[in-house]
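What follows is each chain in one-letter form.
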Amino acid sequence: MSEAIAGAGEPGGLLSPKYADDRGVYDELWSAPDADSKSQVRGHWQALLSAFQQLGGRDLEGRRKEARRLFRENGVSYSAMADGQRGTRPWELDPIPFLVPAADWAKIESGLAQRARLLDAILKDLYGPRHLIRGGMVPAELIFRHPGFLLQADGALGHYEVALTLYAADVVRGADGGFRVVSDRAQAPAGAGLALETRIACSRILPNLIRATHVHRLASFFRTLRNDLAGRAPHQKLDPRIVVLGQGSDDPSYFDHAYLASYLGFPLVEGADLTVRESHLWLRTIEGLKLVDMVLRRVPDSQCDPLELDPASGAGIPALLEVARRGNVGMVNPLGAGILENPGLLPFLPRIARQFLGEELKLESIPSWWCGDEKSKAYVLEHLDGLLIKSIEHGRAPVWGGALTAEELAHWRARIEKDPGLYVGQEPGVSATTPALVKGEIRPRSAVTRCFVAATEGTFRTMPGGFTRTTSPGEITGGLSASLQGTCKDTWVLASEEEKHLISWPAAAMPAFVVAYESLPSRAAESLYWVGRHAEQAEFLTRLARSALRKFNESRDYGDPADSGCLAILLYALKVLSTGRSSAAPTLISGSEFVENTLLETVRDATLEGSLAATFKALERSALSVRDRWSTDTWRVIDDISETLEEQRRLPRAGSVALEDTLDRLVSALVGLTGLTIESTTHEHGWQFLMIGRRVERARNLILLMQSTVMREAEEGIEHQLLEALLIANESVMTHRRRYRAALDISSAVQVLLLDTSNPRSLAYQVLELAKHLDALPREGGARRGMAADQRALLQASTLVRLADTSTLLATDVDQPHQRDELAAFLAAVDNELGIATAALDQAYFTHVQPTQQLVAVTRDVDDKPEVD
Amino acid sequence: MRYRVTHTTHYDYTDTVTLCHNEARLTPSSEGRQQCGRYLLTVTPTPKVVRERRDYFGNRVTYFGVESPHSELIVNMVSEVLTEAAPTQLQLGAERPWEEVRDAMVRGDEADLRMMQHFLCDSPLVRTLPELAGYALESFTPGRGIMEAAMDLTHRIYADFSYDSTATTISTPLSQVWKERRGVCQDFAHLAIASLRGIGLPAGYVSGYLETLPPVGAKKLVGSDASHAWVALYVPDVGWLEFDPTNDQMPTEQYIVLARGRDYADVSPLNGVIYGGGPHTMEVSVDVLDLDAPV
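Parameters and conventions
- Residues numbered from 1 in each chain as written.
- Chains lettered and ligands numbered in written order.
- Predicted model: local features only at pLDDT ≥ 70, side-chain atom pairs only at ≥ 80, totals over all residues.
- Helix = DSSP H or I, 4+ residues; strand = E, 2+ residues; numbered from the N terminus.
- Buried ≥ 20, exposed ≤ 12 C-beta atoms within 10 Å, placed from the backbone.
- Contact = placed C-beta atoms within 7 Å.
- Rg over C-alpha atoms; globule rule 2.2 N^0.38 Å.
- Nonpolar A, V, L, I, M, F, W, Y, C, P; charged D, E, K, R; others polar.
- Pairing = 2+ DSSP bridges.
- Domains from an automatic or database assignment.
- Axes fitted to C-alpha atoms, helices over the stretch in contact; angles between N-to-C directions.
- Parallel < 35°, antiparallel > 145°, perpendicular 65-115°, else oblique.
- Left-handed = near helix turned anticlockwise from the far one by under 90°.
- Expected span 1.5 Å × (residues − 1).
- Core = buried A, V, L, I, M, F, W, Y, C linked by C-beta atoms within 7 Å.
- pLDDT = per-residue confidence, 0-100.

A tally of regular secondary structure across chain A gives 27 helices and 21 strands. When burial is assessed residue by residue, chain A has 50% of its 869 residues classed as buried. For chain A, contacts bridging at least 24 residues in sequence account for 72% of all contacts bridging at least 6.

Written out as structure tokens, the structure reads:
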């Protein structure tokens, strides 16, 4: 009945001509056909639809592209990173939002609040008196066979007034227009960070529309969550220490965790950052162990404690459950909450609501049948080709009966008959559709929205929004609710007439990052130190490669033999600096192709040890592991560098012009990164470690550079060119010119590059600054303990650079007038002190987590598991 | 009988252990036909934290954490237990046809029966196999009294499987024990549990000790005893009936119960996680001393 939809199929129109045919039983955009088979655009969509139609498909696709760029820059696409590679399937944002009218939202909100209250009561009962099982309200088998029911957590929830602090539910619209819950998420519900990110991207690409539409904002939900969590922590401290426990940057949900952590202002930690002593949980920081009051965990139940739970869990903290059991740490959510994710519970919820709350369940679950019940089993077996088959065991993807062959259906029927208690049949819940942008047209899609609920003073609050994912209409993956990849939409909860004046959108819809930690975790200190080192190394290599490239171009253009001689030394220095070791003496280079290839490889071959590309990868990894500490701008620069290198890699081999352009862009970007990290990071301990890394690397690079270039006097023509190139590579030409006018010789170069304490690129400057940063670090026992080993080494190094003068350093032996042995000895001495200092630093501040092992390992009986589908 | 049980575990590490967290289930319960009197757990080096609690199954669990660097760990438990012989006469109801128990479990119309479902479901180390259910049915013939049938199953496991302490480890799957027909007490207990659960009867694992007697005329050797394990079958209105397939008998007063659970994973006497330590060796010695024996 496509003719019944006005506007659909108009030439150049935004609505797909097939919209009416493809839409579901209920459509978000169009009302159901009336008696004259006419459809109307629903009231809350009218203004927005015409706004989108004015923009047109091409413009909207452009905005989608912009959103893609924002996602990539902000690291959303990093979430699927595997062994250092960028994710190939990042989230794609559909600029058309999912609208929830105020009246519908009111139902969802109160329904979810009630449901959270109910699930909280169930959780406390199952780990307490177990009236539900004893009284037969829930079949014992359904609980006992679900791996989320942790016997170890029995009785461990007594400390919680409210146990289910943070809860998520996936909801869909049914054929009748009512919303229903597909599944409940209670262990470590992911997606809140993505919901925020989606909103931020959407407010960037549709700034006016979102404001004009009176959409509820998300920020206050998180503000309240932050305060509520602090209020719930044990020990009743004014300022409790709350950490977000993640599983490291390889976790597919890492971005989500990092984003949430930095938004809430809690440090993001891993299992190895925490330790249990004296029945309390402690965070390893550069200032020693600090008590942790509460853990917002992003780690599933079974992975949290290798002592009592899965012994193979690397992400956990031994004895965490014992600490939680004693009430010495608050867990959000408590260990054992996974039982609430049991799909077999859904059919029993209405009864339990009546029993526990004396209320009817406000928000229905999607119709589900647990096969352990005879009648339900009969229903499921009969309607198998129209149902999703879910197992109550973890780690099994649902199976969509509609996609099975007759033979497969028979196979599944037999399996269910054999062990009915293991299976749940569920309606697929894809009968409604919502408008979505597909290749420049609006087409109907199925949507599922993850909503977030948090406990607050005596009640539960629902985040006014959510994370909406879409699929093609009728496409039933079964993994819809579990999948964290694909196309997403921002969820716009519309304000009612009365609420409209309450919503104010600030000019910049970007919520500020809250980054303020009192004690820096040791692992973060280490990562920041390495970010500093790798960033400096990348910049140094880029500048040196650029000098070599220019020299190469000159040598080709003018054919001056001095140019080639200088180039040979520079290429040798580049090799020494990239690999960090000296190798055979420089050889004269023959053939421009060879030079070009060497330079290209050093820049872009990520598999070559110490290449610029490899250095940058290392920088990216270090930066990623403290992702929660970077502003969006900082991350954008890191992304730009990555892109620039990627572009360069795709270019054909020859082309030194393009290479020079790449190097210029890299220098600018790296300088930008330095500026951002220095200027936009508060001068706390994290900043000190970042700077220490930078200074150490620059000092050691200067030493290596001098060692690989000027240890022997070169022919006069070459030497002059070489010194000039070194000054350029070190951004010290201007300094030299101001001090010495044109007279460039080894003596003036050594003065500027090594000894000038006012040149921020000199060795002396690095050493003196480094000493200051080290003095600013927290010291065990305070100043009374005197100097630490690293400070002692730096005092030595400072003395060396302060006392040195060019005439002594450049004095030569009569027998070997061209050898600069004094200079070599000086450089080696400073280098030695720097080595001592960095080793001492490592020992004193970085994590030296010993590997743990099980004393008695009970492995699970893997051989006897039924076959996995 | 009055016994003094001494159970010592000694770990020797090649590297220093800086921190260790442990859980011990080494304290006998006071239950049924036994009373636990005095007991003393000694850990060397001295733990910073020691705390006792009851687990889900009612067993006494001791958590302890050693927080100072150490290169060996000694966990020594001495407990005194008074045991009685199991009633010799068949308890009322234990002769009923086994199907009645199975059907009562299916109906589950009492709170206790519902809670006992735990012992019907698969557990970490025991999953039922069709061949094991078949094996059980040879003893559990239609209408046979549950006690008699269970004793027959015990007898058949004893006869069909050979005791071989080298054949299996803690992680050997049941399917292999079944195929190779050899194992130790723990395997036989798991085998019996899987067989009973396979035909719908609730069965659990009992860990404990058995007093061993030296050959006539010989002196008993120190440390010659060992941890033991057997199986318990739940019969409504009667309680747990216990069988020891390793020795083809029902536990006598020489049996001391340490802990009960669904399988070994629930009752392991000592587990721990250590930081560092490197390769290490472990030695266990158990002594069950009859306090009334003539010296």
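This next bit is on the overall build of chain B. A tally of helices and strands in chain B yields seven helices and 13 strands. For 295 residues, the compact-globule estimate of 2.2 N^0.38 gives 19 Å, and chain B sits close to it at 20 Å. By principal-axis analysis of the C-alpha atoms, chain B measures approximately 60 × 45 × 40 Å. Looking at chain B as a whole, 45% of its 295 residues qualify as buried.

Often the size quoted for an interface is simply the accessible area lost on bringing the parts together. With 36 residues of chain B at the contact, the number on the chain A side is 31 residues. Counting only elements with at least two residues in the side of chain B that touches chain A, the list comes to strand S1 (2-27), strand S4 (60-66), helix H2 (111-115), helix H5 (174-180) and strand S12 (270-276) of chain B. Among the elements that make up the side of chain B that touches chain A, the one with the highest residue count is S12 of chain B (seven residues). The class makeup of the residues in the side of chain B that touches chain A is 18 nonpolar, 13 polar and five charged. With three bridges connecting them, strand S21 (residues 852-854) of chain A and S12 of chain B associate as antiparallel partners. Looking across to S12 of chain B, one finds that Gln854 of chain A is bridged to Val273 of chain B.

With that settled, consider the domain arrangement of chain A. What the domain assignment lists for chain A is domain 1 (368-426) and domain 2 (525-755). On a C-alpha basis, the centroid separation for the pair domain 1 of chain A and domain 2 of chain A is 62 Å.

What follows deals with the domain arrangement of chain B. Residues and elements named next belong to chain B. Along its sequence, chain B is carved into domain 1 (2-83 + 268-290) and domain 2 (98-267). A straight line from the C-alpha centre of domain 1 to that of domain 2 covers 25 Å. With 18 residues of domain 1 in contact, the opposing surface of domain 2 contributes 19 residues. Elements supplying a minimum of two residues to the side of domain 1 that touches domain 2: S1, strand S5 (70-83) and strand S13 (280-290). Broken down by element, the side of domain 1 that touches domain 2 gets its largest block of residues, five residues, from S13. When the residues that make up the side of domain 1 that touches domain 2 are grouped by side-chain class, the tally is eight nonpolar, six polar and four charged.

Residues and elements named next belong to chain A. Spatial strand order, S6-S5-S10-S11: four strands in an open sheet with parallel pairing. A single partner strand is all that each edge strand has here, and the edge strands are strand S6 (268-269) and strand S11 (330-332). As judged from the two bridges shared by strand S5 (residues 242-245) and S6, these two strands associate in the parallel manner. Residue pairing for S6: Leu245 is matched across the bridge by Val269.

Our focus in this paragraph is the packing of helix H20 (residues 685-709) of chain A against helix H27 (residues 821-845) of chain A. Residues and elements named next belong to chain A. At a minimum axis distance of 10 Å, the contact between H20 and H27 shows a crossing angle of 150 degrees. Here H20 is positioned roughly antiparallel relative to H27, judged by the angle of their axes. Relative to H27, the crossing made by H20 is left-handed. Residues Val696, Ala699, Arg700, Ile703, Met706 and Gln707 of H20 form the contact with H27, whose participating residues are Leu827, Val830, Asp831, Leu834 and Thr838. A breakdown of the residues in the contact of H20 with H27 according to their chemical character gives seven nonpolar, two polar and two charged.

Over its 19 residues, helix H15 (residues 561-579) of chain A runs 27 Å from end to end, which matches the ideal 27 Å to within 8%, given 1.5 Å per residue. Looking one or two residues beyond H15 of chain A, the residue adopting positive phi is Gly580 of chain A, at roughly 80 degrees.

The next point concerns the nonpolar core. Residues and elements named next belong to chain A. Counting 171 residues, the largest nonpolar core has Leu123 and Leu164 as its most contacted members. The greatest single-element share of this core, amounting to nine residues, is contributed by helix H3 (residues 102-126). Setting aside anything within four residues of it in sequence, one finds Leu123 in contact with Leu157, Ala163, Leu164, Ala337 and Leu340. Core analysis: the second largest hydrophobic core is formed by 94 residues, Ala535, Leu570, Leu571 and Ala837 among them.

Attention now goes to the sheet that holds strand S11 (residues 255-261) of chain B. All names here are of chain B. The sheet built from four strands is open, its strands ordered S10-S9-S8-S11 with antiparallel pairing. Looking at strand neighbours, the two that pair on one side only are strand S10 (239-243) and S11, the edges of this open sheet. Strand after strand, the sheet turns through a mean of 40 degrees between neighbouring axes, direction not considered. Across the sheet, helix H4 (residues 146-160) lies against strand S9 (227-235) and S10, angled at about 30 degrees from S10, the strand it touches most.

What follows concerns helix H17 (residues 612-624) of chain A. Helix length check: H17 of chain A, at 13 residues, gives a terminal C-alpha distance of 18 Å against a target of 18 Å (1.5 Å per residue), a fit within 8%. Within H17 of chain A, the full set of buried residues consists of Leu612, Ala613, Thr615, Phe616, Leu619, Glu620, Ser622, Ala623 and Leu624 of chain A.

Residue and element names in this part refer to chain A. Per-residue pLDDT for chain A has a mean of 85; in total, 89% of the residues score no lower than 70. Note on residues 479-483: pLDDT under 50 across the span, and ten contacts to partners over four residues away in sequence or across chains. Long-range and interchain partners of residues 857-869, a stretch whose pLDDT sits below 50, account for 20 contacts in this model, where long-range means more than four residues apart.

A few words on the confidence of the model for chain B. Mean pLDDT over chain B: 91, with 96% of residues reaching 70 or higher. Across the interface, the model reports ipTM at 0.94; the global pTM reads 0.87.

Residues and elements named next belong to chain A. Side chains of strand S15 (residues 423-426) alternate between two faces, with Tyr423 and Gly425 and Val424 and Gln426 buried alike. Relative to S15, strand S12 (residues 368-370) runs antiparallel, the two sharing three bridges. Bridge pairing in S15 places Ser368 opposite Gln426. Strand direction decides the pairing type here: strand S13 (residues 388-391) and S15, joined by four bridges, are antiparallel. Bridge assignment links Lys390 to a residue of S15, and that residue is Val424.

For the rest of this paragraph, the subject is unusual backbone geometry. One can expect most non-glycine residues to show negative phi and most peptide bonds to be in trans. A cis geometry characterises the amide bond from Val332 of chain A onward to Asn333 of chain A, with omega recorded as -5 degrees. By secondary structure assignment, the location of Asn333 of chain A is in the loop between S11 and helix H11 (349-357). Look at Asp248 of chain B: it is not a glycine, yet its phi comes out positive at around 55 degrees. Residue position: Asp248 of chain B is located in the loop between S10 and S11. For Asp248 of chain B, a count of 14 C-beta atoms within 10 Å translates into the label partly exposed.

Take the environment of His685 of chain A next. Residue and element names in this part refer to chain A. With respect to the helices, strands and loops of the structure, His685 is situated in helix H20. Here the alpha-carbon distance between His685 and His773, two residues 88 residues apart in the chain, equals 9.3 Å. If we ignore the near neighbours within four places in the chain, the residues touching His685 are Ile286, Leu520, Ala525, Leu777 and Pro778.

Bringing the environment of Pro189 of chain A into the picture now. Residues and elements named next belong to chain A. Here Pro189 shows up in the loop between strand S4 (179-185) and helix H6 (192-205). For the pair Pro189 and Phe846, spaced 657 residues apart in the sequence, the C-alpha separation amounts to 31 Å. Beyond its immediate stretch of four places on either side in the chain, Pro189 contacts Leu166, Tyr167, Ala168 and Phe452.

With that settled, consider the environment of Arg621 of chain A. Counting through the fold element by element, Arg621 of chain A comes out in helix H17. The sequence separation of Arg621 of chain A and Ser527 of chain A amounts to 94 residues, and the corresponding C-alpha distance is 8.9 Å.

All right, on to the packing of helix H14 (residues 522-558) of chain A against H20 of chain A then. The packing of two helices is summarised by the inter-axis angle and the distance between the axes. Residues and elements named next belong to chain A. Their axes nearest at 7 Å, the elements H14 and H20 cross at an angle of 35 degrees. Relative to H20, the crossing made by H14 is right-handed. Residues Ala524, Ala525, Leu528, Tyr529, Trp530, Val531, Gly532, Arg533, Ala535, Glu536, Gln537 and Phe540 of H14 lie in contact with H20, whose contacting residues are His685, Gly686, Phe689, Leu690, Met691, Ile692, Gly693, Arg694, Val696, Glu697, Arg698 and Asn701. Split by residue class, the contact of H14 with H20 holds 13 nonpolar, six polar and five charged.

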